[in-house]
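# Remarks on the overall topology
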Amino acid sequence: MGSDGRDMTGERLRFDVITLFPDIFPGVLGVGVVGKALERGLIRLVTHNPRDFTHDRHRTVDDAPYGGGPGMVMKPEPLYACVESLGDPPPLKILLSPQGIPFNQALARELVSRETRIALICGRYEGVDERVRMGLIDLDLSVGDYVLSGGEIAAMAIIETVARLIPGVVGDMESVDTDSLERSRLKYPQYTRPAEFRGMIVPEILISGNHARIDEWRREESLNRTRVRRPDLFACNDPVENGK
Ligand code: SAM
């Protein structure tokens, strides 16, 4: 492993996605900056189907819930066998779940600084047998307080968020570092040409050429916007910084 965390192939982070629908991938991950990083081998994405780890004729991965009730539950054996086949180094094992801890930008930063391999286990149907949570995974993550039909969209959201924090994935790291939610702030409003559009005018300061004043304007807009739209985030900022 090199000093920048890359292995000998140049790969910085590998994602293993455990899914009953591997054909969905790479999906949106195949385009844009993340798609290019996949092409260049800076990140790697490998899918694994728990069905390939079943031993019956029907390749059964789900069964009715004990105690009755609607739907089907994903069986533990194929998921354990699938994840345990991932080898060395063992990945960080994440279960996607609406019951998980909320995924956010700070956690994405933590993952990118710490991990070289992440496995994402996508549930389907009524979810997974509780023993997957009890004995197989390191972390369960939710992408929001709503229920998806499966973990695949959640996995893609997490992969995209984490991948774009890897140096070299986005061309200009300043753009990533000043993104909304970095440093508990929302980004300042942005404009491009034309200077006037349907009666809406670009703030004069932005065409003044005075970069010190532009920086100050942006900082204030960023703080105001955060205070109004996301008071929860604003409260996380340094009070001295907020009051300046
Ligand atoms: N019956 C489960 C419950 O009430 O907790 C929900 C199952 S959901 C229909 C099927 C799968 O979608 C889950 O096992 C999980 O992998 C994924 N999923 C749904 N919503 C999610 C969310 N907000 N975050 C992450 N994964 C989610």
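Above this text sits the structure in question.
Keep in mind that what you see is a predicted model, and the values were worked out from it rather than measured.

Our next topic: helix α5 (residues 152-163). Across its twelve residues, α5 extends 16 Å between first and last C-alpha, which sits within 8% of the 16 Å expected from 1.5 Å per residue. For α5, the buried fraction is high: nine of the twelve residues fall into the buried class.

Quick look at the side chain of Asn 49 now. Mapped onto the secondary structure, Asn 49 falls in the loop between β2 (43-48) and β3 (62-63). Overall, Asn 49 belongs to the buried group, its relative accessible area being 14%. If we ignore the near neighbours within four places in the chain, the residues touching Asn 49 are Thr 19, Leu 20 and Pro 22.

Moving on, we get to the site of the ligand. In the vicinity of the ligand lie 19 residues, with Leu 96, Gln 99, Gly 123, Glu 126 and Tyr 146 positioned nearest. In isolation the ligand exposes 580 Å². Once the protein is present, 84% of that is buried. Counting residues per element, the ones that place at least two in the shell around the ligand are β5 (92-102) and β7 (139-142). With four residues, the single largest contributor to the shell around the ligand is β5. Here the residues of the shell around the ligand are counted per class, giving nine nonpolar, nine polar and one charged.

Within the largest apolar cluster, 34 residues are counted, with the highest numbers of intra-cluster contacts made by Ile 94, Leu 120 and Val 162. Elements supplying a minimum of two residues to this core: β1 (13-18), α1 (32-40), β5, α3 (105-114), β6 (117-121), β7 and α5. No other element matches the seven residues that α5 contributes to this core. Ignoring sequence-local partners within four residues, the contact set of Leu 120 consists of Phe 15, Asp 16, Val 17, Ile 18, Ile 94, Leu 96, Ala 155, Ile 158 and Ile 159.

Evaluation of the coordinates by the stated rule reveals zero aromatic pairs. When the ring centre of Phe 234 is taken as reference, the NZ or CZ atom of Arg 227 above it lies at 5.7 Å.

A cis geometry characterises the amide bond from Asp 88 onward to Pro 89, with omega recorded as -10°. Along the chain, Pro 89 turns up in the loop between α2 (76-84) and β5. Here the bond from Arg 193 into Pro 194 is cis, since omega is 5°, no more than 30 degrees from zero. Mapped onto the fold, Pro 194 is located in the loop between α6 (173-177) and β8 (196-197). At Tyr 125, a residue that is not glycine, the phi angle is positive and equals roughly 55°. Note on placement: Tyr 125 falls in the loop between β6 and α4 (130-135). In this structure, Arg 198 is a non-glycine residue whose phi angle is positive, near 50°. For Arg 198, the location among the structural elements is in the loop between β8 and β9 (200-201).

Calculation notes
Residues numbered from 1 in each chain as written. Predicted model: local features only at pLDDT ≥ 70, side-chain atom pairs only at ≥ 80, totals over all residues. Heavy atoms only, no water. Helix = DSSP H or I, 4+ residues; strand = E, 2+ residues; numbered from the N terminus. Expected span 1.5 Å × (residues − 1). Buried < 20%, exposed > 50% of the residue type's maximum accessible area, 1.4 Å probe, protein only. Contact = heavy atoms within 4.5 Å. Near = heavy atom within 4 Å. Areas by Shrake-Rupley, 256 points an atom, 1.4 Å probe, with all protein chains shown as cover. Nonpolar A, V, L, I, M, F, W, Y, C, P; charged D, E, K, R; others polar. Core = buried A, V, L, I, M, F, W, Y, C linked by side-chain atoms within 4.5 Å. Phe/Tyr/Trp six-rings, centres within 6.5 Å; stacked < 30°, edge-to-face > 60°. Lys NZ or Arg CZ within 6 Å of the ring centre and 35° of its normal.

The values are spatial; any link to function lies outside them.
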